[in-house]
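Single-letter residue listing:
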There are 2 protein chains.
Amino acid sequence: MANSGATDQDPVVIIGAGFAGLAAARVLGAAGVATVVIDRQNHHLFQPLLYQVATAGLSAADIAAPIRAILRQWPSVSVLMDTVVGIDRAARQLQLASGGSLRFGALIIASGARHAYFRNPEWAAHAPGIKTIDDAIRVRRDLLLALERAETMRAEQRETRAEHLTFVVVGGGPTGVELAGAIAELARHAAERDFPHITRNCVRVVLVDSGDRLLKALPPSLSAAAAQALAGLGVEVRLNSRVTALEPGRIMLGDDSLPACVTLWAAGVAASPAASWLGAAADGSGRVIVGSDLALPDDPAIFVVGDTAAATSRDGQPVPGVATAAKQMGAHAARAILARRAGQAVPAFRYRHPGSMATIGRSHAVADLGWLKLAGAPAWLLWCTVHLWFLAGFRNRLVVGANWLWRYLTFESSARLITQQESDMR
Amino acid sequence: MANSGATDQDPVVIIGAGFAGLAAARVLGAAGVATVVIDRQNHHLFQPLLYQVATAGLSAADIAAPIRAILRQWPSVSVLMDTVVGIDRAARQLQLASGGSLRFGALIIASGARHAYFRNPEWAAHAPGIKTIDDAIRVRRDLLLALERAETMRAEQRETRAEHLTFVVVGGGPTGVELAGAIAELARHAAERDFPHITRNCVRVVLVDSGDRLLKALPPSLSAAAAQALAGLGVEVRLNSRVTALEPGRIMLGDDSLPACVTLWAAGVAASPAASWLGAAADGSGRVIVGSDLALPDDPAIFVVGDTAAATSRDGQPVPGVATAAKQMGAHAARAILARRAGQAVPAFRYRHPGSMATIGRSHAVADLGWLKLAGAPAWLLWCTVHLWFLAGFRNRLVVGANWLWRYLTFESSARLITQQESDMR
């Protein structure tokens, strides 16, 4: 067997068990094709609800499930917890952090994205993004510690308490909007009930976006509805604002300096290093530019999908970096591999857009399904239903649904725990 | 006001919001006495179920609740998240890690215990105990990573796989017994279902105790029943064995050397540094020796309770270091403060022992209620009922109960997540 030829004997390897990777694994597993799924984590994470872990509403285990358990039903699919450090295209081999290597017949790269800080990587330390469970737990700790610290300030410090309770979220997309709303609710309800020295008015939540409206993927009427709902929760929305500097406790927006006890980053993502692994062409965000079949233009056996890819739909539109697109791309790549093995032609990828939505606080959302635009409580019910529906695993659905009902009835955040303290204080 | 006199104007201060501290706060709160509860954490932890967090059965938030939420109903009780670093007895003042200080009228020290490694403090790094949520999450990570690593071993390493799946638990009390049983179940069920390269027989769980039987607090017949149940789960029980050396991957028991991918410590506790704060007499485990009213013999305004105290019950028996004793001691100290303020005599503390129990795996337990000794499924049902009953908070009871039912029916561990990886592998 020549080293350089992709063969059907070598397994299909999928890098990443996010939405795209799992969708691909399911198609290949159902077809009985030998497949290896590699991920750095042992769990798949339902990222759209991760902001609720960061704001103490859900536990990590409620929105994550072991990859092995999810893929257990397909005996031809095996799971490897390891980190890819390089790809040898000529030898059709992956290099792994554990020191091993892995041959592939075909490859689907679905390794996702991290937050991008444009030309300021040093900001990452002061304004974390939320991509993993550990990120979310650290943010939860920072939010709750800010409240504890403000509560225990001595009388002479109390004038500066408002500074110590200013939370800034950068980025007005769905994640930023949902995060800002959830922080406002957490801080204000907790302040009212459990922190006698903190009043509602001490808490300040600022949502910053460089554009002229929030939720640019939605129609302007829904952006306005979202802005109004956020204002109702006390969130200050600052549009047309750019971050010019960031340091601990302070953020500069243009020439305006704001105190900020916690700053969170929900603006812009950068793809994983797949392009450099492959030596392939990438766009400005580091996403690998793929052909209409989602494979590399010069290598039909290597597919790049999800947030790692810069793809164009059959209708000429760029494919957005959202969960539904990732799932569709993953399934398409897997079907393309099956078609090619069966000697059939591979159709061009076409993204079907089911709609966009974002939730704001405990009973408000905006949703755009194309034929239907909703705001307020009906959109919120739709949002809850859709997210529960897509949450992997019957048990998780039950737990999250029960948690939401409980929270709705009691206003109580169920996971208000400070853990992973930097300096172990004991 | 003289600096040295305890006055009723200064609040009662409680250090620690474990079982003892919360019991004291409830009594004082119900009486409307100004009280401050200080804890390093923002949450109370139901420690008897912490081993289930470490073995992926429960989420941390299922067995923990914010101290502020628990004590919210008593307006005279306030909560302070801070760490005590010293006590100035003359000035009736606590020094806090935040730099502040706090005057007290009366003091209840309920700061608990950490694991004791006898004369080998360096063992702590290789054989962690499980006292906090962070401890439990780290142990969960180590257990699950051991399985992932064994699964991905290459063919030539497979002979040593058994070494990489040997889990050792030191200490045959209830915690050690419950931990060993839960690890055996987790590893063997996960191995059977999700790790095709690991067979049941690769997994080895060893429970070590220096005495001649497990569960010394229970009658010998129940110790034997527990040993038999553990054997049924495949746990190797080594009695009359002492740890003589510990290094990463290896443990010495007398002259016998055992491989050990994970070693956990459930043997012996050392009290918090209260004795040195107070300059008071302590026993060999660092516990402060208190009088029959649980106050310091030379200072009736300073009480020491729970695992921090070496107390003797009115019947002459030493008070054991268990949750029920901690609760009774905390409530007694609070009632003693109320009695003294009302000019009444303080009775000597009397420990009422409700019984002892330990669970082994998914349907077995042993229980000794004095008038009733149970083993097997009936004891297990009793164990479940009692633990759900005492779990703080109605919601937690529901979540844990539902989780147990789910796990019982499906054999599925709901929180099988690897987080807090030491080296972020991304």
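Residues numbered from 1 in each chain as written. Chains lettered and ligands numbered in written order. Predicted model: local features only at pLDDT ≥ 70, side-chain atom pairs only at ≥ 80, totals over all residues. Heavy atoms only, no water.

**Remarks on the confidence of the model for chain A**
Residues and elements named next belong to chain A.
- Of the residues in chain A, 95% reach a pLDDT of 70 or more, and the chain-wide mean stands at 90.
- Segment residues 1-6: pLDDT under 50, and 14 contacts once partners within four positions in sequence are set aside and those in other chains are kept.
- Interface predicted TM-score (ipTM) for the complex: 0.88; the corresponding pTM is 0.91. (pLDDT = per-residue confidence, 0-100. Contact = heavy atoms within 4.5 Å.)

**Observations concerning the interface of chain A and chain B**
- Listed as interface residues are 45 residues of chain A and, on the opposing side, 45 residues of chain B.
- For the chain A and chain B pair, buried surface summed over both sides reaches about 4400 Å², with 53% attributable to carbon and sulfur atoms.
- The tally of links from chain A across to chain B stands at four salt bridges.
- Note that A:Asp194 and B:Arg72 form a salt bridge whose closest N and O atoms lie 2.7 Å from each other.
- Linking chain A with chain B are 10 residue pairs in polar contact (both at pLDDT 80 or more). (Buried area = accessible area lost by both parts, 1.4 Å probe. Salt bridge = Lys/Arg side-chain N within 4 Å of Asp/Glu carboxyl O. Polar contact = N/O pair within 3.5 Å; in protein donor to acceptor, adjacent residues only side chain to side chain.)

**Looking at the sheet that holds strand 7 (residues 93-96) of chain B**
Residue and element names in this part refer to chain B.
- With antiparallel pairing, three strands are arranged side by side in an open sheet as 6-7-8. A strand with exactly one partner marks an edge of an open sheet, and here the two such strands are strand 6 (84-88) and strand 8 (101-103). With direction set aside, neighbouring strand axes in the sheet form an average angle of 20°.
- Pairing between strand 6 and strand 7: four bridges, direction antiparallel. Considered in strand 7, the bridge of Val84 is made with Leu96. (Pairing = 2+ DSSP bridges. Helix = DSSP H or I, 4+ residues; strand = E, 2+ residues; numbered from the N terminus. Axes fitted to C-alpha atoms, helices over the stretch in contact; angles between N-to-C directions.)

**With respect to the pattern of salt bridges**
- One pass over the structure, following the stated rule, counts 36 salt bridges over all chains.
- Put simply, B:Arg68 and A:Glu148 hold a salt bridge, and the shortest N to O gap is 2.8 Å. In this pair, B:Arg68 sits in helix 3 (residues 67-70) while A:Glu148 sits in helix 4 (residues 133-151), so the two residues belong to two different chains.
- Residue classification places A:Glu148 among the buried positions, given a relative accessible area of 6%.
- Taken together, the salt bridges that share partners define one network made up of A:Arg89, A:Arg92, A:Asp298 and A:Asp299. (Buried < 20%, exposed > 50% of the residue type's maximum accessible area, 1.4 Å probe, protein only.)

**A short note on the relation of the copies chain A and chain B**
- Turning chain A through 180° and shifting it by 0.0 Å along the axis lays it on chain B, with an RMSD of 0.0 Å. Here the copies are linked by what is in effect a two-fold axis. Considering only C-alpha atoms, the part of chain A nearest the rotation axis is A:Ser59, at 3.4 Å.
- The share of interface residues of chain A whose copies in chain B are also at the interface is 100%, consistent with both copies meeting through the same surface. (Least-squares fit on C-alpha atoms with pLDDT ≥ 70 in both.)

**Observations regarding helix 1 (residues 19-30) of chain A**
Residue and element names in this part refer to chain A.
- With 12 residues, helix 1 should reach 16 Å at 1.5 Å per residue; the first-to-last C-alpha distance of 17 Å fits that figure.
- The element helix 1 is largely enclosed, with a buried count of 10 among its 12 residues.
- Immediately beyond the C-terminal end of helix 1, within one or two residues, lies Gly32, with a positive phi of roughly 75°. (Expected span 1.5 Å × (residues − 1).)

**Things to note about the UniProt feature "transmembrane region" (unreviewed entry) in chain A**
All names here are of chain A.
- The feature "transmembrane region" (unreviewed entry), as annotated in UniProt, sits at residues 12-37 and 49-71 in this numbering.
- When the span residues 12-37 is considered, its composition is 46% helix and 27% strand, and the gap between its end C-alpha atoms is 9 Å.
- Helix makes up 39% of residues 49-71 and strand makes up 13%, while its end C-alpha atoms are separated by 21 Å. (UniProt positions renumbered as here; feature names shortened; annotations may be inferred.)

**Description of helix 4 (residues 133-151) of chain B**
- Relative to the 27 Å expected for 19 residues at 1.5 Å per residue, helix 4 of chain B spans 27 Å between its end C-alpha atoms, a close match to the ideal helical length.
- Burial runs high along helix 4 of chain B: 16 of the 19 residues are buried.

**Quick word on the packing of aromatic side chains**
- Taken as a whole and assessed by the stated rule, the structure comprises eight aromatic pairs over all chains.
- Between B:Trp383 and B:Trp404, the aromatic rings sit 5.5 Å apart at their centres with planes inclined by 35°, giving tilted as the arrangement. Placement of the pair is B:Trp383 in helix 10 (residues 377-390) and B:Trp404 in helix 11 (residues 394-410), with a sequence separation of 21 residues. B:Trp404 matches B:Trp383 in its accessibility class, with the two residues each being buried.
- Three or more aromatic residues link up through ring pairs in this structure, and these residues are A:Tyr117, A:Trp123 and A:Trp265. (Phe/Tyr/Trp six-rings, centres within 6.5 Å; stacked < 30°, edge-to-face > 60°.)

**Quick look at the packing of helix 4 of chain A against helix 6 (residues 174-194) of chain A**
All names here are of chain A.
- Direction vectors running N to C along helix 4 and helix 6 enclose 30°, while the axes themselves pass 11 Å from each other. The angle between helix 4 and helix 6 falls in the class roughly parallel. Helix-helix and strand crossings are classified by hand; for helix 4 and helix 6 the assignment is right-handed. Seen from helix 4, the contacting residues are Leu143, Leu144 and Leu147; seen from helix 6, they are Ile183, Leu186, Ala187 and Ala190.
- Looking at the contact of helix 4 with helix 6 residue by residue, the class counts come to seven nonpolar, no polar and no charged. (Parallel < 35°, antiparallel > 145°, perpendicular 65-115°, else oblique. Left-handed = near helix turned anticlockwise from the far one by under 90°. Nonpolar A, V, L, I, M, F, W, Y, C, P; charged D, E, K, R; others polar.)

**What to know about the side chain of B:Arg68**
- We classify B:Arg68 as buried; its relative accessible area is 5%.
- Among residues more than four places away in sequence, those in contact with B:Arg68 are A:Glu148, A:Glu151, A:Asp194, A:Phe195, A:Arg416 and B:Val79.

**Brief notes about a positive patch on the surface**
Residue and element names in this part refer to chain A.
- A contiguous patch of positive charge on the surface is contributed by Arg314, Arg335, Arg350 and Arg352.
- Locating Arg350 in the fold gives a position in the loop between helix 9 (323-341) and strand 23 (356-360).
- Look at Arg350 and you get partly exposed, because its relative accessible area is 40%. (Patch = residues over 30% accessible without salt bridge, like charges linked within 9 Å, V, L, I, M, F, W, Y side chains within 5 Å. Areas by Shrake-Rupley, 256 points an atom, 1.4 Å probe, with all protein chains shown as cover. Lys, Arg positive; Asp, Glu negative; His and termini not counted. Charge placed at Lys NZ, Arg CZ, Asp CG, Glu CD.)

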